[in-house]
Amino acid sequence: MTSTVDSFADLGLSESLLKTLSEIGYETPSPIQAQCIPILLDGHDMIGMAQTGTGKTAAFALPLMESIDIKVAKPQALILTPTRELAIQVAEALQSYAKNLPGFHVLPIYGGQSYTIQLKQLARGAHVIVGTPGRVMDHLERKTLNLDNLKTLVLDEADEMLRMGFIDDVEWILEHTPEQHQTALFSATMPEQIRRVAQKYLVEPKEIKIKAATATVAAIRQVYWQVSGMHKLDALTRILEVEDDFDAAIIFVRTKTATVELADKLNARGYAAAALNGDLNQQMRERVIEQLKSGALDIVIATDVAARGIDVPRVSHVVNYDIPYDTEAYVHRIGRTGRAGRNGNAILFVAPREIRMLRTIERATRQPISPLTLPSRADITNKRVADFKGKVAEVLNAEGLDFFANIVSQIAEEQNVSAEEVAAALAMMAQEAKPLQIAGEDPAPPRPFREQRNDDRRPAFGDREPRKPRFEDRGERPRFEDRGDRPRFEDRGERSERPRFEDRPPRTERPPRPAPAGDMVRYRIDVGREHGVEVRDIVGAIANEAGIESRFIGRIGLYEESSTVELPAGMPAEAANALKRTRIRGMPINLRQDEGRPAGSFGGERKFGGGERSFDGERKFKKKPFNEC
Ligand code: AMP
């Protein structure tokens, strides 16, 4: 890695945060964290050129949290993000870093969410606001958000905010924040307009750029799997099973917690696997490596630091289960295979949002990484059958078969069946522990990355606020109350219902849906972006399976491994059962009420069954919707 700092403790973070990082399993700072944290702790403004996957969120979140005075329940930091999805994600990251900071409160505010809820939450007081530009601007105009106590302002994914047409809003916010605060700007690319904003609003910023050091990699077969439609663990075991020259593997993950969890899961699936992380002392570490060398272990799940310098010639595969932070880490990781003149294989798991990192790695290593098609059920069966036949052939050549042949004849005679039928029964018994055919379905093929990137970056409906006109003369921008072109705040519904401006090209996104009326309950489902799932998949499945009209499906939060969806309260048992059995992109969704942060529950319960009318007089559940599709 480019990081020369091995420990968060060297960066000047407080004991409380260090404890949290250790608890959540972060072992070492990523390169961007190693560089940004000390600069931000020193109070400098900064520009960070970093993309998703580099650990940039913690790079700005950790220093920002050090400056928060918990006793002051007022916004002391504001983080602007291009999408509501990212706002929620960043807010959740901050909340996890605040594990040992009692009373810390972070609030995501974004377009598409009810103002009533936001106003209540703002009035309650939050230390950090994470918001999309349009909605933050509205609250500033309305004076429902007061930034007098602001210490830090972060612009996250600034180039995306520009691309989505929010840069005017961002500038407006920058102009309406108190003079004295620290500003950090993060952007994967640095287009001219972003550079201009940085020059205008940042004070002597330090610039951090993670070098994509070019490096040549040995003759290693490099492939990637686009994470989609299947849990990473299932995909991993499918892949390992059909890889031809598999002997031993090192699997890289980000946190020490993940090393242990994955090792446990692989052990449960019959692999000889162990974790290798910074919590192991030198002796234990050496023991694990010896076991890998001797064949007592076939798989070691490691963090970057723990795997440094491993030289075990039988390692035929390196799996980047979690994508590395930078190309240097990638090159280091894959260098653990293909040693001593042997063949090496490097497999990289890439979630749709990490595509940029994949391309950066390809550029830096000057080698294309080819897509890997996930082995299908038929592939697995064929492989298992071939192995089974091989074993049978071996035994056929062994001594002492006569005794068993005699038993087969006896069974055939007693049961009045052919020897072939007896052999089939025995084959069935022999494979019981590891069936030749695997259960479940093949996932839908992933959407190509190009298409997916667009979809992925496009926020979920209700997510994205429409562009606003550019104000040529920003100084004379009318105050909200004076503007004739927009309804008064109180009268407005969601931002997406604002009047459009003639000079703008028509939007291609779907028309805005009405906000869900009535009591809503938030559910969690076990599919997320990691499985290639998009908002439309969730809406489609719920509408079809539970017969809930899509306009009554509330907010959808798309996360890495899971998602949340708000549905009208009082769901009939039939609909709930149908949803429990529902699959999205081949994955069981396991719908259950979300235990996390309550969102959008609007007071007391109102019950309405299938086909009954809800309190707002509209039918939310169709009469006979179940299992129609
Ligand atoms: P980001 O680039 O901020 O979206 O972070 C990508 C992922 O890396 C998130 O899942 C983080 O929780 C994780 N992460 C960030 N920093 C570290 C670290 N130092 N050690 C382990 N995981 C990390």
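Criteria and thresholds
Residues numbered from 1 in each chain as written. Predicted model: local features only at pLDDT ≥ 70, side-chain atom pairs only at ≥ 80, totals over all residues. Heavy atoms only, no water. pLDDT = per-residue confidence, 0-100. Contact = heavy atoms within 4.5 Å. Axes fitted to C-alpha atoms, helices over the stretch in contact; angles between N-to-C directions. Helix = DSSP H or I, 4+ residues; strand = E, 2+ residues; numbered from the N terminus. Parallel < 35°, antiparallel > 145°, perpendicular 65-115°, else oblique. Left-handed = near helix turned anticlockwise from the far one by under 90°. Nonpolar A, V, L, I, M, F, W, Y, C, P; charged D, E, K, R; others polar. Buried < 20%, exposed > 50% of the residue type's maximum accessible area, 1.4 Å probe, protein only. Arc of directions from axis to C-beta. Core = buried A, V, L, I, M, F, W, Y, C linked by side-chain atoms within 4.5 Å. Salt bridge = Lys/Arg side-chain N within 4 Å of Asp/Glu carboxyl O.

**Student:** Whenever I open this one, the confidence of the model for the protein confuses me. Can you help?
**Tutor:** Note: predicted coordinates in regions of low pLDDT should not be interpreted at a detailed level. On average, residues of the protein score 81 in pLDDT, and 81% of them reach the 70 mark or higher. Low confidence marks residues 451-517, where pLDDT is under 50. Its contacts with residues over four positions away, or in another chain, come to 134 contacts.

**Student:** Please clarify how the packing of helix α3 (residues 56-66) against helix α4 (residues 84-97) should be interpreted in this entry.
**Tutor:** For any two helices packed against each other, the geometry comes down to the angle between their axes and how far apart the axes lie. Remark: α3 packs on α4, axes separated minimally by 10 Å, with the N-to-C direction vectors making an angle of 50°. The angle between α3 and α4 falls in the class oblique. The crossing of α3 and α4 is right-handed. Contact with α3, carried on its side by T57, A58, F60, A61, L62, L64 and M65, involves V90, A93, L94 and Y97 of α4 and no other residues of that element. Of the residues contributing to the contact of α3 with α4, the split by class is 10 nonpolar, one polar and no charged.

**Student:** Would you take a moment to explain helix α9 (residues 192-201) for this structure?
**Tutor:** Since one α-helical turn is 3.6 residues long, residues separated by three or four positions face the same way. Listed in full, the buried residues belonging to α9 are I194, V197, A198 and Y201. For α9, the angular spread of the buried residues around the axis is 100°, confining them to a single face. Within α9, the exposed residues directed more than 90 degrees away from the buried face are E192, Q199 and K200. Buried residues along α9 sit against β1 (46-49), α7 (158-163), α8 (167-175) and β6 (182-187).

**Student:** Whenever I open this one, the nonpolar core confuses me. Can you help?
**Tutor:** Nonpolar side chains in soluble globular proteins generally cluster together in the buried interior. Ranked by internal contacts, the top residues of the largest apolar core, which has 54 residues, are W225, I251, L266, I299, I301, F349 and L567. Not counting chain neighbours up to four residues away, the residues in contact with L567 comprise D519, M520, V521, Y523, I542, I548, I553 and L579. The next biggest cluster of nonpolar side chains, apart from the first, holds 42 residues, and it includes L18, I32, A50 and I68.

**Student:** Just to check I follow, could you spell out the pattern of salt bridges for this structure?
**Tutor:** Opposite charge on two side chains makes pairing possible when the charged atoms of those side chains draw close. Under the definition given, this model contains 27 salt bridges. The partner of K56 in a salt bridge is D156, and the shortest N-O contact between them spans 3.0 Å. Of this pair, K56 sits in helix α3 while D156 is found in the loop between β5 (152-155) and α7, placing the two residues 100 residues apart along the sequence. For the pair formed by K56 and D156, the shared burial category is buried. Where R314 meets D298, a salt bridge forms, and the shortest distance between an N and an O atom there is 2.7 Å. Taken together, the residues R314 in the loop between β11 (299-302) and β12 (315-320) and D298 in the loop between α12 (282-294) and β11 connect sequence positions 16 residues apart. Accessibility expressed as a relative area gives 13% for R314, which makes it buried. When salt bridges that share partners are traced, they join K19, E23 and K99 into one network.

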